[in-house]
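A closer look at the structure
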Amino acid sequence: MKQAKSRKKSSLLFRSLLAVFLVVTSVVVFVAMEIDRLQHESYVSDVRAETTLELIEAREEIEESIFAHFLLLQKLATIIEENPDLTQADFASYIASLDYQGRDIVNFATARDLVVDMVHPMEGNEDALGLDYASNANQYPGVQRAIENGRATIVGPVDLVQGGRAFIFRQPAYVSDPSTAGNERLWGIVSIVADYDEFVSATGLAALTEDFDVLIRSASDAADNGNTILGQPDVEAVNPIRLSFEFPTGSWDLLAVPAGGWPAHSPTYVRDRLLLAGVSALVIGVVLLITALAVLQRRAQMRLATAIDAMDDGFAMYDQNGRLVAFNAKYAELYRVPEGQIQHGARFKDIIRLGVEGGQHPDAIGREEEWIEMRIKRFYGQDAEFEQELANGRHLLASDHALSDGGRVCVRTDVTELKQALHHAEAASRAKSEFIDTLSHELRTPITVIMGLASLGKNIETLGLTKSLREELDKPEIDVSEVKKAFEVLVKHFTGTMEKQERSAKHLHGLVEDMIDFAKTETQKLSVQPEVLNIDDLASSVIDQSRMKAEEEGLELKISSAGGQVFCDQLRTTQILLNLVGNAIKFTEEGSVELTAYQDGETAIFEVLDTGPGISTEDKERIFEAFRQLESSSTRKQSGLGLGLAISRSLAKVQNGSLDLESEPGKGSKFTLRLPSGQGLSSKDDSGFRPPKNGLRAAE
């Protein structure tokens with residue numbers, strides 16, 4: 001009987017152990033398979049990441065090589081736009097002078113009115129001459145797309161009329177035509193033809209296929225949509241990495257996988273599986289369960305931390321004791337307390353105190369303890385939203401909310417840009433109001449004078465002087481001397497009246513000219529025609545034109561010119577200097593105004609110094625803003641719209657120069673105009689097109 005019970009217990013224990021073994025084995029096998037799958041996915045993910053980085057690097061190099069062709073095309077378009085009547089010989093000479101290394105280029109060509117009329121080299125490309133794009137069904141869609149976009153395009157591969165396959169870079173060329181709406185018309189198309197095989201090799205596309213299975217196809221919206229550039233279409237079916245080559249108008253899609261496809265296993269998969277099997281055999285029961293739960297918990301925590309860190313706003317969570325239990329990098333960034341002080345377990349009141357001691361809260365200065373106590377009380381009080389200003393000028397929208405367990409959730413939103421936008425909007429509104437007030441005042445005064453004097457001239461017969469002259473003429477015996485005297489008085493009166501009217505008209509004309517010049521600078525249509533000029537002549541001319549005004553104000557006008565040359569537009573540069581000297585005379589009550597001019601290497605320098613009241617630091621940039629004067633009310637001492645210095649700085653920039661100010665209240669001001677000296681050029685040199693740095697259009 002005992003043996004039977006013993007056998008029964010043993011059998012039960014065996015079955016129990018077997019059941020446990022089967023359960024544990026099943027769990028271990030399942031976990032092992034999952035771990036193996038995750039390892040494989042992780043390995044494939046790493047391979048994809050590495051492959052993506054390699055493809056991005058290769059794409060950058062390829063794009064750089066391809067964009068070299070676009071740059072060459074731009075040069076070709078520029079020479080055509082500047083010389084629309086270029087001959088074949090001149091065209092060939094210009095191409096020969098270009099510095100390009102591309103063996104892939106088959107030819108350069110131009111198509112005046114969309115008919116190929118010039119090609120280089122001529123040998124081997126004679127069949128291209130006379131090609132009418134408008135009647136070529138294969139190439140006209142690409143030509144039309146280039147014209148519609150107004151920029152360079154790349155099309156290909158296409159079959160050439162002279163044989164072979166190639167890529168074609170095209171760009172429309174425009175020439176001036178005052179008779180058209182936009183003052184320019186389409187001259188035609190300039191193009192560069194690159195041999196397909198040589199282009200693929202030269203740009204690095206061929207090298208890309210050595211390490212990857214690739215498919216490159218056009219993604220443009222033209223007739224060549226979906227056209228395969230390189231590779232095999234079946235690459236798309238094996239989950240490839242997708243990138244794009246971006247061009248001025250259009251793009252190519254790049255689909256790629258490592259050569260031979262994605263790896264089925266990691267290089268160490270045999271070792272990994274053996275190790276996993278050994279570890280799995282040792283992991284049993286609760287240890288396995290606890291480990292699995294710990295892993296899952298850790299992953300959940302990491303996901304939560306990642307989600308919190310991904311927030312654009314600062315986030316922090318405190319427990320019921322006011323200790324920090326979670327926060328993101330943005331929260332620590334906003335409150336720049338000493339490194340390491342914002343960490344898990346830190347107390348809220350300690351973090352606040354460190355911020356106050358570090359000067360983070362300007363509204364706490366002078367009442368630190370009171371402010372800290374108030375802040376802690378608010379933290380533990382009702383849910384609240386309020387605005388905080390930090391010492392670094394940032395503005396935060398703070399939100400503190402209570403949790404059910406007594407903890408607190410804090411969210412900090414940076415609203416600095418919103419505050420700045422509101423400030424700029426208010427400033428713009430004020431500037432607009434001030435300008436309207438100034439414009440109204442400045443225009444009303446000369447118009448009132450002109451209208452008043454015109455009315456006076458219209459009613460000449462009612463003037464006392466006219467009546468006096470008439471009385472002398474009506475006398476029975478005319479006294480010639482008295483008549484002559486009355487006539488001279490009348491003439492003198494009308495001469496003075498016309499002078500007042502002329503001054504008012506000139507003032508009004510000046511206001512209109514300022515507005516026109518400013519409008520041109522704002523729309524980037526201001527043109528300049530630079531040439532090499534003598535500094536002495538330019539400075540002397542400005543002084544001569546300003547001398548009478550200085551004498552009227554009782555000021556000494558000086559000039560100090562050391563000679564040299566300047567590369568500038570004479571009219572616009574004179575306008576700048578007259579404005580600077582005129583302002584100095586206008587705002588200097590006594591003393592002198594001096595113009596100093598000299599050449600310093602590659603720079604020509606003009607300095608205007610005065611003994612006026614000077615300008616404060618905060619006003620130094622304001623005076624260069626449009627419609628700004630230090631006195632902007634209608635009762636200010638000096639007239640003007642406040643556009644002079646804004647226009648002058650724009651005129652300096654469009655000539656690749658600068659206009660700066662040095663001043664100190666009570667010690668006068670110095671405006672410095674710097675322009676290229678044109679060193680190495682002469683007035684007869686063909687300086688060509690020099691694009692301005694500020695984007696304004698130079699004269700063509």
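Residues numbered from 1 in each chain as written. Predicted model: local features only at pLDDT ≥ 70, side-chain atom pairs only at ≥ 80, totals over all residues. Heavy atoms only, no water.

This part is about helix 14 (residues 535-552). For helix 14, spanning 18 residues, the distance from its first C-alpha to its last is 27 Å, which sits close to the expected 26 Å at 1.5 Å a residue. The axis of helix 14 is deflected most strongly, by about 40°, at Ser546. Burial in helix 14 covers these residues: Ile535, Leu538, Ala539, Val542, Ile543, Ser546 and Ala550. Tucked inside the fold, the buried residues of helix 14 contact strand 15 (531-534), strand 16 (556-561), strand 17 (565-568), helix 15 (570-587), strand 18 (592-600) and strand 19 (603-610). Put simply, Asn534 is the residue that caps the front of helix 14, since its side-chain oxygen is 2.8 Å from the backbone nitrogen of Asp536. Of the residues one or two after helix 14, Gly554 is the one with positive phi, at around 75°. (Helix = DSSP H or I, 4+ residues; strand = E, 2+ residues; numbered from the N terminus. Expected span 1.5 Å × (residues − 1). Bend = angle between axes of the 7 residues up to and from the residue. Buried < 20%, exposed > 50% of the residue type's maximum accessible area, 1.4 Å probe, protein only. Contact = heavy atoms within 4.5 Å. Polar contact = N/O pair within 3.5 Å; in protein donor to acceptor, adjacent residues only side chain to side chain.)

Secondary-structure assignment places Asp569 in the loop between strand 17 and helix 15. In terms of polar contacts, Asp569 uses its side chain to reach the backbone amide nitrogen of Leu571, at 3.0 Å. Those residues in contact with Asp569, other than ones at most four positions away along the chain, are Val528, Gln529, Pro530 and Gln655.

What follows is about the sheet that holds strand 18. In space, the five strands of this open sheet follow the order 16-18-19-21-20, with mixed pairing throughout. Each edge of the open sheet is held by one strand with a lone partner, namely strand 16 and strand 20 (658-663). The average angle at which neighbouring strand axes cross in this sheet is 15°, direction not considered. Across six bridges, strand 16 lies against strand 18 in parallel orientation. Bridge pairing links Ser561 to Ala597 in strand 18. Contacts between helix 14 and the sheet are confined to strand 16, strand 18 and strand 19, with strand 16 contributing the most and set at about 180° to the helix. Contacting strand 20 and strand 21 (669-676), helix 16 (residues 644-654) runs over the sheet at an angle of about 130° to strand 20. (Pairing = 2+ DSSP bridges. Axes fitted to C-alpha atoms, helices over the stretch in contact; angles between N-to-C directions.)

Looking now at the pattern of salt bridges. On inspection of all chains with the given rule, the structure shows 13 salt bridges. Residue Glu236 is joined to Arg217 by a salt bridge in which the shortest nitrogen-to-oxygen separation is 3.0 Å. In this pair, Glu236 sits in the loop between strand 7 (228-231) and strand 8 (241-247) while Arg217 sits in strand 6 (residues 212-218), placing the two residues 19 residues apart along the sequence. Glu236 gets classed as partly exposed once you look at its relative accessible area, which sits at 34%. Two residues, Arg674 and Asp660, come together in a salt bridge whose shortest N-O distance is 3.4 Å. Of this pair, Arg674 sits in strand 21 while Asp660 sits in strand 20, and the two are 14 residues apart along the sequence. When its relative accessible area of 33% is taken as the criterion, Arg674 is described as partly exposed. The partly exposed category is assigned to Asp660, whose relative accessible area is 33%. Here the salt bridges do not stand alone but share partners, grouping Glu34, Arg37 and Glu41 into one network. (Salt bridge = Lys/Arg side-chain N within 4 Å of Asp/Glu carboxyl O.)

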